[in-house]
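Residue-level structural notes
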Amino acid sequence: MQIDPTQLDGVFLLTPRRFGDARGFFAETWNEATLREAGLHLPHFVQDNHSFSAARGTVRGLHYQAPPVAQGKLVRCARGRLIDVAVDVRRGSPTYGQWIAEELSFENGRQLWIPPGFLHGFATLEPDTEIAYKCTARYAPEVEGAVHFNDPDLAIDWGVDLTTAVVSPKDAAAAAFADWTSPFTMEGV
């Protein structure tokens, strides 16, 4: 597996090897021992999620779960193509408020590791796109939250027309970044 750091400390792009023939391919998308041998020590995963978005231009995010049930996520695209976004919201981090956006697709097979302390969201670049991700903590609605996906202070390039984006009412009403207090610190994650 190829493991590449990003400009955000702790966020990694993982590209599993694919073994293909006339039938298709096989890829090992998660192997704790392989990652540990490469120096990447990911926490234990307790939940897998799978999300389907019918329309191109669906935006989901920017989501988080606060401590003590903060989630790290290993994200991949199971079908279609998407832009996956992570925003550093660890107070005291030199990259606080900075974001990365990576294209994940069924074709490229890439995965993004997003540790606790980051907002997460994605935008679909094709219809009928599926995202699958492993989580380090259970879903806990009592501590979930969101920051507005189109916040001008973050100025994220989602790769889609945000004036016609398909967004949930909950995400459309999310807090502005400037009005939000992060529950994460560098020491607490």
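Residues numbered from 1 in each chain as written. Predicted model: local features only at pLDDT ≥ 70, side-chain atom pairs only at ≥ 80, totals over all residues. Heavy atoms only, no water.

Notes on the overall build of the protein
Rules: Secondary structure elements are taken from DSSP: a helix is a run of H or I of four residues or more, a strand is a run of E of two residues or more, and numbering for both begins at the N terminus. Here the radius of gyration uses the C-alpha set of atoms, whereas the globule reference equals 2.2 Å times the residue count to the power 0.38. The buried label goes to any residue with under 20% of its type's maximum accessible area, the exposed label to any with over 50%, and the partly exposed label to all in between, with areas taken from a 1.4 Å probe on protein chains only. The Shrake-Rupley method, run with a 1.4 Å probe sphere, supplies the accessible areas, and residue values consider only the shown protein chains as cover. We count Lys and Arg on the positive side and Asp and Glu on the negative side, and we leave His and both chain ends out. Here the site of a charge means NZ on Lys, CZ on Arg, CG on Asp, or CD on Glu.
Regarding its fold elements, the protein presents two helices and 15 strands. Taking 2.2 N^0.38 as the reference for a compact globule, 189 residues should give roughly 16 Å; the C-alpha atoms of the protein span a radius of gyration of 16 Å, in line with that estimate. Going through the 189 residues of the protein one by one, you find that 47% of them count as buried. Total accessible area computed for the protein in this model is approximately 9300 Å², and 51% of it derives from carbon and sulfur atoms. Positive and negative charge centroids in the protein, built from 16 and 24 side chains respectively, lie 5 Å apart.

Focus on the environment of H41
Our working definition: Each polar contact in these results corresponds to two N or O atoms within 3.5 Å; when the atoms are within protein, one needs to be able to donate a hydrogen and the other to accept it, and residues that are neighboring in sequence are counted only if both atoms are side-chain atoms.
Along the polypeptide, H41 turns up in the loop between helix 1 (32-37) and strand 5 (47-53). A distance of 2.8 Å separates a polar atom in the side chain of H41 from a polar atom in the side chain of R36.

Here's the deal with the sheet that holds strand 6 (residues 59-65)
To be explicit about the condition: Paired strands are those between which DSSP finds at least two bridges. A fitted line through C-alpha atoms serves as each axis, taken over the contacting stretch for helices, and the angle formed by two N-to-C directions is quoted from 0 to 180°.
Strand order in the open sheet formed by five strands is 10-8-12-6-14, and the pairing between neighbours is antiparallel. Strand pairing shows two members of the sheet lacking a second neighbour, strand 10 (99-105) and strand 14 (144-146), which therefore form its edges. Pairs of neighbouring strands in the sheet enclose a mean axial angle of 25 degrees, with direction left out of account. Here strand 6 runs beside strand 14; their pairing, made up of three bridges, is antiparallel. Looking at strand 14, one finds that H63 is bridged to A146.

Topic: the nonpolar core
Test applied: Nonpolar cores are built from buried Ala, Val, Leu, Ile, Met, Phe, Trp, Tyr and Cys residues. Side-chain atoms within 4.5 Å join them into one set. Only heavy atoms matter for contacts: two residues are in contact if any of them lie within 4.5 Å across the pair.
In terms of nonpolar packing, the biggest core is built from 26 residues, with L62, V87, L119 and W158 touching the most fellow members. Taken together, the elements giving at least two residues each to this core come down to strand 6, strand 8 (81-88) and strand 12 (118-124). The contacts of V87, once residues within four sequence positions are left out, are L62, G97, Q98, W99, G117, F118, L119, L154 and I156. If you look at the next biggest cluster of nonpolar residues, it comprises 16 residues, including V11, I100, L112 and I114.

Here's the deal with empty space enclosed by the protein
Basically, it comes down to this: Residues are called lining when one of their atoms sits within 4 Å of a cavity or pocket point, these points coming from a 1 Å grid over the protein atoms alone, where a cavity is a set in which a 1.4 Å probe fits but cannot get out and a pocket is an open set with protein on both sides within 12 Å along at least five of seven lines. Grid points are joined across faces, edges and corners, and a volume is the space filled by probe spheres set on the points. For this scheme, ten residues count as nonpolar: Ala, Val, Leu, Ile, Met, Phe, Trp, Tyr, Cys and Pro. Four count as charged, namely Asp, Glu, Lys and Arg, and the remainder, Gly too, count as polar.
Per the stated rule, a full pass over the model turns up one cavity of 30 Å³ or more. Computed from the structure, the largest cavity encloses a volume of approximately 70 Å³. Lining the largest cavity are 13 residues; nearest its centre among them are Y64, Q65, Q71, K73 and F118. Going through the elements one at a time, strand 6 and strand 12 are the ones with two or more residues in the lining of the largest cavity. Across the lining of the largest cavity, the residue classes break down as seven nonpolar, five polar and one charged.

A few points about the UniProt feature "active site" (unreviewed entry) in the protein
As a reminder, the rule being used: UniProt positions are given in the numbering used here, feature names are shortened, and annotations may be inferred rather than shown by experiment.
Listed under "active site" (unreviewed entry) in the UniProt record, and renumbered for this structure, are H63 and Y133. Despite a sequence span of 71 residues, these residues sit close together in the fold, their greatest C-alpha distance being 13.8 Å. Those annotated residues from the list above that line the largest cavity are H63. Among residues more than four places away in sequence, those in contact with H63 are F118, L119, H120, G145, A146 and D171. Mapping Y133 onto the fold places it in strand 13 (residues 129-135). A relative accessible area of 16% places Y133 in the buried class. Ignoring any residue separated from it by four or fewer positions in sequence, one finds Y133 in contact with Q47, D48, N49, K73, L74 and V75.

Structural notes on the packing of aromatic side chains
Heads up, the rule is: Classification of ring pairs uses Phe, Tyr and Trp, with its six-membered ring standing for Trp, and accepts pairs whose centres are within 6.5 Å; under 30 degrees between planes counts as stacked, over 60 as edge-to-face, and the remaining range as tilted. Any Lys NZ or Arg CZ found within 6 Å of a ring centre and within 35 degrees of that ring's normal is scored as a charge over the ring.
For the structure shown, the criterion picks out seven aromatic pairs. Ring geometry for F25 versus F106: centroids 5.7 Å apart, planes at 45 degrees, classification tilted. With F25 in strand 4 (residues 24-27) and F106 in the loop between strand 10 and strand 11 (111-114), the pair connects residues that are 81 residues apart, well separated along the chain. What makes F25 partly exposed here is its relative accessible area of 40%. A ring pair is formed by W30 and F45, whose centres lie 4.8 Å apart and whose planes are at 80 degrees; its orientation type is edge-to-face. Residue W30 is located in the loop between strand 4 and helix 1, and its partner F45 is located in the loop between helix 1 and strand 5; the two are separated by 15 residues in the primary sequence. Taking relative accessible area as the criterion, W30 reaches 26% and is therefore assigned partly exposed. On the basis of relative accessibility, which here comes to 12%, the residue F45 falls in the buried class. Residue placement shows R18 over the ring face of F25; its charged tip is 4.0 Å from the ring centre. Sitting above the plane of the F106 ring, R18 keeps its charged end 5.5 Å from the centroid.

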